[in-house]
Amino acid sequence: MGKNYKKHVAEMGGDPKKSAPVFFTKSRETIVQNGSFIPYPPQTDNLHYEVELVVALKSSTEIFGYGTAIDMTRRDIQALAKSKGGPWDMAKNFDQSAPCSALTKIEQAPDLSHAIISLRKNGLVMQNSCLNHMIWSVEEIIKHLSASVTLGAGDIILTGTPEGVGSVIAGGTIIGAVEGLASIEVSFTHG
Ligand code: MN
């Protein structure tokens, strides 16, 4: 999901008051596990991180668990797509573009309503917000999506990123974290 935190909508040049839920797809094959080394992807000079709360489903309406993911984005390709009104696929759905943490089952998960969501790059805090700033709640997101497509067991929803997105280069390490859940760390190598 895109556009789910007002300050991120604003930093991307949008109007938070007119923000409506935006959905796009990342293939299952884009998932990368914690501790991975990822070759810097081709066709971009502006690879961005977006830390997001993950919701994993066990049925069309039930949540299996939660995690932390980083919605890697070829921002230059996305900007071009936006300017031409074209699809975002090549900006969002490329090889190894979804580093995702281990999941915490809902029975073991803490209350996430005021959990801190953050991302560190090379040790420095770049994104730091709170899940209570989400415009659309997890329940609302599932309801919205279900109105458009059939959801089911194994589906994974990334719920949008807070402000502070930025670029990472080859040699960089990023760690995404949601308080109380497993974190996700990946490093980028010279392709
Ligand atoms: Mn995102």
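About the criteria used
- Residues numbered from 1 in each chain as written.
- Predicted model: local features only at pLDDT ≥ 70, side-chain atom pairs only at ≥ 80, totals over all residues.
- Heavy atoms only, no water.
- Core = buried A, V, L, I, M, F, W, Y, C linked by side-chain atoms within 4.5 Å.
- Buried < 20%, exposed > 50% of the residue type's maximum accessible area, 1.4 Å probe, protein only.
- Helix = DSSP H or I, 4+ residues; strand = E, 2+ residues; numbered from the N terminus.
- Contact = heavy atoms within 4.5 Å.
- Pairing = 2+ DSSP bridges.
- Axes fitted to C-alpha atoms, helices over the stretch in contact; angles between N-to-C directions.
- Lys, Arg positive; Asp, Glu negative; His and termini not counted.
- Salt bridge = Lys/Arg side-chain N within 4 Å of Asp/Glu carboxyl O.
- Polar contact = N/O pair within 3.5 Å; in protein donor to acceptor, adjacent residues only side chain to side chain.
- Donors = N, O, S within 2.8 Å, 3.2 Å for Na, K, Ca; no water.

### Some points on the nonpolar core
In a soluble, globular protein the nonpolar side chains are often hidden away together inside.
Here is step 1 of the chain: Within the largest apolar cluster, 37 residues are counted, with the highest numbers of intra-cluster contacts made by Leu53, Met72, Leu131 and Ile174.
Here is step 2 of the chain: Breaking this core down by element, the ones donating at least two residues are strand 3 (47–49), strand 4 (51–57), strand 5 (63–70), strand 9 (116–121), helix 4 (138–146), strand 13 (173–178) and strand 14 (184–189).
Here is step 3 of the chain: For Met72, the residues in contact, after removing those within four places along its chain, are Lys26, Leu47, His48, Tyr49, Ala91, Lys92, Phe94, Ser97, Pro99, Val168, Ile174 and Phe188.

### Considerations on the sheet that holds strand 10 (residues 124–130)
Here is step 1 of the chain: Strand order across the open sheet formed by five strands is 2-14-13-9-10, with mixed pairing between neighbours. Each edge of the sheet is formed by a strand with only one pairing partner; in this case those strands are strand 2 (36–39) and strand 10. This sheet shows a mean twist of 20 degrees between the axes of neighbouring strands, independent of strand direction.

### Description of the pairing of strand 13
Here is step 1 of the chain: Relative to strand 13, strand 9 is paired through five bridges, and the arrangement is antiparallel. When the bridges of strand 13 are listed, Ser118 appears paired with Ala177.
Here is step 2 of the chain: In terms of strand pairing, strand 13 meets strand 14 through four bridges, oriented antiparallel. Within the sheet, the bridge partner assigned to Ile174 lies in strand 14 and is Val186.
Here is step 3 of the chain: In textbook terms, the turn of a hairpin is the stretch between consecutive antiparallel strands, and for strand 13 and strand 14 this stretch comprises five residues, one of which, Gly180, has a positive phi near 95 degrees.

### Quick look at the side chain of Arg74
Here is step 1 of the chain: With respect to the helices and strands, Arg74 occurs in strand 6 (residues 73–74).
Here is step 2 of the chain: One buried charge, Arg74, has no salt-bridge partner; the nearest side chain with opposite charge is Asp76, at 6.4 Å.
Here is step 3 of the chain: At 2.9 Å, the side chain of Arg74 forms a polar contact with the backbone oxygen of Met90.
Here is step 4 of the chain: In contact with Arg74, not counting residues within four places along its chain, are Pro41, Pro42, Gln43, Thr44, Asn46, Met90, Ala91 and Phe94.

### Section: the coordination of the manganese ion
By definition of the ideal shapes, four donors in a tetrahedron about a metal sit 109.5 degrees apart, and six donors in an octahedron sit 90 or 180 degrees apart.
Here is step 1 of the chain: Summarising the metal site, the manganese ion is bound by the protein donors Glu50 (OE), Glu52 (OE) and Asp71 (OD), whose distances to it range over 2.0 to 2.1 Å.
Here is step 2 of the chain: In primary sequence terms, the donor set of the manganese ion follows E-x1-E-x18-D. Of this pair, Glu50 sits in the loop between strand 3 and strand 4 while Asp71 sits in the loop between strand 5 and strand 6, and the two are 21 residues apart along the sequence.
Here is step 3 of the chain: Judged by relative accessible area, which is 1%, Asp71 ranks as buried.

These results come straight from atomic positions and should not be treated as a statement about function.
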